[in-house]
Amino acid sequence: MGYFYQDWKEKNMFVEKRKGQFVMNFGEAEKSMIENLERHVINLTEGASDEKRMAIGYMEYLADCLKKGKLEVKWNIS
């Protein structure tokens, strides 16, 4: 299966299963994760106690995802 430049640029990945094709847009997922991390950093530094607990919970969730292999970190070195 080939990829087109626009799909690569927009970080779309196509996965074919027996019953059809799925499209995963990693660009949107990255943007969402960035926004969540930025929001939780603000909550940790400036938020009320409930906002700080929520931010800590999100960080623990990400750590758990990394441990279970549900999330991977990729470094681009340029």
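None of these values were measured; they are calculated from a predicted model. (Residues numbered from 1 in each chain as written. Predicted model: local features only at pLDDT ≥ 70, side-chain atom pairs only at ≥ 80, totals over all residues. Heavy atoms only, no water.)

Chemist: What is the right way to read a nonpolar patch on the surface from this model?
Modeler: A surface patch of nonpolar side chains, about 550 Å² in accessible area, is lined by L66, V73, W75 and I77. Following the sequence through the fold, W75 ends up in the segment after helix 3 (49-68). (Patch = residues over 30% accessible without salt bridge, like charges linked within 9 Å, V, L, I, M, F, W, Y side chains within 5 Å. Areas by Shrake-Rupley, 256 points an atom, 1.4 Å probe, with all protein chains shown as cover. Salt bridge = Lys/Arg side-chain N within 4 Å of Asp/Glu carboxyl O. Helix = DSSP H or I, 4+ residues; strand = E, 2+ residues; numbered from the N terminus.)

Chemist: I tried to follow the packing of helix 2 (residues 26-46) against helix 3 on my own but got confused; where do I start?
Modeler: Between two packed helices, both the angle of their axes relative to each other and the distance between the axes serve to describe the pair. It is the contact of helix 2 with helix 3, at a shortest axis distance of 8 Å, that shows an interaxial angle of 140 degrees. Looking at the two axes, helix 2 sits oblique to helix 3. Considering the relative orientation of helix 2 and helix 3, their crossing is left-handed. Contacts between helix 2 and helix 3 involve M33, N36, L37, H40, N43 and L44 from the first element and E51, K52, M54, A55, I56, Y58, M59 and L62 from the second. (Axes fitted to C-alpha atoms, helices over the stretch in contact; angles between N-to-C directions. Parallel < 35°, antiparallel > 145°, perpendicular 65-115°, else oblique. Left-handed = near helix turned anticlockwise from the far one by under 90°. Contact = heavy atoms within 4.5 Å.)

Chemist: Would you mind going over the side chain of H40 with me for this structure?
Modeler: Mapping H40 onto the fold places it in helix 2. Discounting chain neighbours no more than four positions away, the residues touching H40 are M54, A55, Y58 and M59.

Coordinates in, geometry out; function isn't part of it.
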